Protein chains: 2
Amino acid sequence: MGAAGIGFVKGHGTENDFVLLPDPDGVLELTPARVRALCDRRRGLGADGVLRVVRTAVGWDLGTPPPAGAEWFMDYRNADGSVAEMCGNGVRVFARYLAETGAVAGPELTVATRGGGKPVRFEADGRLRVSMGAYRLGGDGTATVAGQRFGGVAVDVGNPHLACVTDVALDRLDLREAPGYDTAQFPDGVNVEFVTPVHGGADDGEVRMRVHERGVGETRSCGTGTVAATAAALRHAGADEGALTVRVPGGQVRVELSGGAATLTGPAVLVASGELDADWWAALG
Amino acid sequence: MGAAGIGFVKGHGTENDFVLLPDPDGVLELTPARVRALCDRRRGLGADGVLRVVRTAVGWDLGTPPPAGAEWFMDYRNADGSVAEMCGNGVRVFARYLAETGAVAGPELTVATRGGGKPVRFEADGRLRVSMGAYRLGGDGTATVAGQRFGGVAVDVGNPHLACVTDVALDRLDLREAPGYDTAQFPDGVNVEFVTPVHGGADDGEVRMRVHERGVGETRSCGTGTVAATAAALRHAGADEGALTVRVPGGQVRVELSGGAATLTGPAVLVASGELDADWWAALG
């Protein structure tokens, strides 16, 4: 291998996967081209996104006061190189990394994200519980898959969702193409969830979900999508609060809705750590 | 991160990508479940295959005498966990790793593979030239994509290929599903290449190629596939020997055919190195 390179960690939460780049002092030149190469699953390491781990004091980039009490800033980049606000699965992996490296002590911390400070609690069973903040149910909408129409509801979880509760067997949906939707209703695009009706009660039931993420395609999990799915499934069951286990292709999480705010509890796994080849990194420019 | 884990290197050849596991003394317990998890692009590191790097003296597993003069054995596993014979792109990455770590000196070595010893030469321009061995043209065949039929020729490169020379714009082919073929002609399945006619001469021309790999799907490159494509394109041009540049979605290689044998010259890139999390590895069993 070439000269000592850039440190990285690879991990996932319900198979929504990330390359973490530890950069406590904010010295890394993280260009969109480098993010795209890192996330490329053949010519790079491969991931759904990059989480740069930087101290809030040096890395916060919004021009507003940073969230209070959040020592670490999750600088989240999508695989296409663009900056993103927040990722419910990513923040668990981010917190797991901080705990494993001793950067935080104790069972709770707040992570600074461009979507605000997100409190995270380490549960006794090894899972992590994230306070996702407010969500908001909107109007009805329709998604179309291979000519078949699915009624759903708009849910704003900081990003736009259209969550469709359906009796159709989820395995039979072809989500290789983006579902159709009303572009007047969702001018910035939309993440589309397909959700089964609640099995069990509103306080301890479960649903299954598949998701097509805006600009990405079908993924094995989407944190904000599980919140939208839970809101839609509970409404379908006649409830506006409750707690559900959401089974996604990449695993399962638990979503609790109360007082218009959501918490998301799920696993976070660190797979590997090492260094990017210095020559490879430098050539990306 | 957990306790010190299993060392790995990630690299690719024309975006056919691999996780290398250095195991000189042959002590690694590499189960199919671990290979599958490693190659999983969300819950693992992600790769088309695993290359275990082991000394031939301790790792050779065929029960036959190992190839002469080959100190290192490329123990190649497919992403599905199965054992495989040979990979034309993988052997370049394997040789690059040996050179970078100082395990070989000089411009040539022979790599032991289950498909025999493969001589590799490091070229002055940084590319690697692999003697792939014999190939054999077979009978004509037909591939079908979305109802459209493509005439091709069977080519045995140690594994079965059906290489179809076509004037259809390759970008317009939908290869998300496996092309149809005559299962009586290819009872073990077949890799299917779509190749443009030769542009330029038989000794210095070029072709474009896309490939659907048996049991995998469309890939960005396939080493033996480029050999099959070259044989078919040269035959289509009325030649039985020659040298072509083959442009694939992941880059380009040069294939030379002479006396019934093929050489493949192309790049090999090392992207990162590090350690797998010991707890993660142990949990795979």
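So, how was this worked out
Residues numbered from 1 in each chain as written. Chains lettered and ligands numbered in written order. Predicted model: local features only at pLDDT ≥ 70, side-chain atom pairs only at ≥ 80, totals over all residues. Heavy atoms only, no water. Phe/Tyr/Trp six-rings, centres within 6.5 Å; stacked < 30°, edge-to-face > 60°. Helix = DSSP H or I, 4+ residues; strand = E, 2+ residues; numbered from the N terminus. Buried < 20%, exposed > 50% of the residue type's maximum accessible area, 1.4 Å probe, protein only. 1 Å grid on protein atoms, 1.4 Å probe; cavity = no way out; pocket = protein on both sides within 12 Å on 5 of 7 lines; lining within 4 Å. Points joined across faces, edges and corners; volume = space filled by probe spheres on them. Nonpolar A, V, L, I, M, F, W, Y, C, P; charged D, E, K, R; others polar. Domains from an automatic or database assignment. Pairing = 2+ DSSP bridges. Lys, Arg positive; Asp, Glu negative; His and termini not counted. Salt bridge = Lys/Arg side-chain N within 4 Å of Asp/Glu carboxyl O. Polar contact = N/O pair within 3.5 Å; in protein donor to acceptor, adjacent residues only side chain to side chain. Contact = heavy atoms within 4.5 Å. Least-squares fit on C-alpha atoms with pLDDT ≥ 70 in both. Buried area = accessible area lost by both parts, 1.4 Å probe. Expected span 1.5 Å × (residues − 1).

### A short note on the packing of aromatic side chains
Residue and element names in this part refer to chain A. Scanning all chains against the criterion turns up eight aromatic pairs over all chains. On the basis of an interplanar angle of 75° and a centroid distance of 5.2 Å, the ring pair of F150 and F194 is categorised as edge-to-face. Here F150, found in strand β9 (residues 148-156), pairs with F194, found in strand β11 (residues 191-195); they are 44 residues apart in sequence, far enough to count as distant. Looking at F150, the relative accessible area reads 3%, which means it is buried.

### Looking at the layout of surface pockets
Space inside the largest pocket adds up to approximately 1200 Å³. Lining the largest pocket we find 45 residues, and of these E213, R214, G215, V216 and T219 of chain B sit closest to its centre. For the lining of the largest pocket, the secondary-structure elements that each account for two or more residues are β13 (217-219) of chain A together with β4 (72-78), β7 (128-134), β10 (160-165), β13 (217-219) and α4 (223-236) of chain B. Taken together, the residues of the lining of the largest pocket sort by class into 16 nonpolar, 17 polar and twelve charged. In this model, the second largest pocket occupies a volume close to 850 Å³. Counting only elements with at least two residues in the lining of the second largest pocket, the list comes to β4 (72-78), α3 (88-100), β7 (128-134), β13 and α4 (223-236) of chain A. Residue assignment places the lining of the second largest pocket across two domains, with domain 1 (6-127 + 268-284) and domain 2 (134-264) of chain A each supplying three or more.

### Looking at the pairing of strand β16 (residues 261-266) of chain B
Residue and element names in this part refer to chain B. Most of β16 is tucked away, with five of its six residues classed as buried. The sheet contact formed by β7 and β16 spans six bridges and is antiparallel. Bridge pairing in β16 places A134 opposite A261. Pairing between strand β15 (residues 251-258) and β16: five bridges, direction antiparallel.

### Describing the side chain of R92 of chain A
Residue and element names in this part refer to chain A. Relative to the helices and strands, R92 is located in helix α3. Despite being buried, R92 has no salt bridge partner; D125 is the closest side chain of opposite charge, sitting 10 Å away. One polar contact links the side chain of R92 to the main-chain carbonyl oxygen of G88, over a distance of 3.4 Å. A polar atom in the side chain of R92 sits 2.8 Å from the backbone oxygen of P267.

### Overview of the pairing of β7 of chain B
All names here are of chain B. Sheet topology places strand β6 (residues 116-122) next to β7; three bridges connect them, and they run antiparallel. When the bridges of β7 are listed, F122 appears paired with L128. Between β6 and β7, which pair antiparallel one after the other, the connecting turn spans five residues, and G126 there sits at a positive phi close to 95°.

### What about the domain arrangement of chain A?
Residue and element names in this part refer to chain A. The assigned domain composition of chain A is domain 1 (6-127 + 268-284) and domain 2 (134-264). Domain 1 and domain 2 are separated by 25 Å when their C-alpha centres are compared. If you look at the interface, domain 1 gives nine residues, while domain 2 gives 13 residues. The tally of links from domain 1 across to domain 2 stands at one salt bridge. Of the charged contacts, one joins R220 and E15 as a salt bridge, the two residues approaching to 2.6 Å between their closest N and O atoms. In this assembly, domain 1 and domain 2 are joined by three residue pairs in polar contact (both at pLDDT 80 or more). The dominant element in the side of domain 1 that touches domain 2, judged by the number of residues it contributes, is α3, at three residues. Looking at the side of domain 1 that touches domain 2, its residues break down into no nonpolar, five polar and four charged.

### Digging into the relation of the copies chain B and chain A
The operation relating chain B to chain A is a screw motion whose rotation component is 180°, with 0.0 Å of axial translation and a residual RMSD of 0.1 Å. Taken together, the rotation and translation describe the operation of a two-fold axis. Relative to the rotation axis, the closest C-alpha in chain B is found at G274 of chain B, a distance of 1.8 Å. An overlap of 100% is found between the interface residues of chain B and their copies at the interface of chain A, pointing to a shared contact surface.

### Remarks on the interface of chain B and chain A
Between chain B and chain A, the residue contacts involve 29 residues of the former and 30 residues of the latter. Summed over both sides, the interface of chain B with chain A buries roughly 2800 Å², with 49% coming from carbon and sulfur. Here chain B is connected to chain A by six salt bridges. Across the salt bridge formed by R42 of chain B and D48 of chain A, the nearest N and O atoms sit 2.2 Å from each other. Put simply, chain B and chain A have 13 residue pairs in polar contact (both at pLDDT 80 or more) between them. Of all the elements in the fold, those that place two or more residues in the side of chain B that touches chain A are β1 (6-13) and β17 (269-276) of chain B.

### Some remarks on helix α3 (residues 88-100) of chain B
Residues and elements named next belong to chain B. If you check α3, its first and last C-alpha atoms are 19 Å apart, about what 13 residues at 1.5 Å a residue would give, namely 18 Å. The element α3 is largely enclosed, with a buried count of eleven among its 13 residues. Residues of α3 that are buried include every one of G88, N89, G90, V91, R92, V93, F94, A95, R96, Y97 and L98, and no others.

### Details of helix α1 (residues 32-39) of chain B
By the burial criterion, the buried members of α1 of chain B are R34, V35, A37, L38 and C39 of chain B. Packing partners of the buried residues in α1 of chain B comprise β2 (16-22), β3 (49-55), β4, β17 and α5 (278-284) of chain B.

### A closer look at unusual backbone geometry
One non-glycine residue, E15 of chain A, lies in positive phi territory at about 65°. Secondary-structure assignment places E15 of chain A in the loop between β1 (6-13) and β2 (16-22). Note on E15 of chain A: relative accessible area 14%, which makes it buried. For A146 of chain B, which is not glycine, the phi dihedral falls at a positive 50°. Under the relative-accessibility criterion, A146 of chain B is labelled exposed at 80%.

### Digging into the pattern of salt bridges
For the coordinates displayed, the defined rule picks out 46 salt bridges over all chains. A salt bridge links R136 of chain B to D156 of chain B; the nearest nitrogen and oxygen atoms lie 3.8 Å apart. Separated by 20 residues along the polypeptide, R136 of chain B in strand β8 (residues 136-145) and D156 of chain B in strand β9 (residues 148-156) bring together distant segments of the chain. Salt bridges here are not isolated pairs; linked through shared partners, they connect D23, R52, D61, D75, R77 and R114 of chain A.

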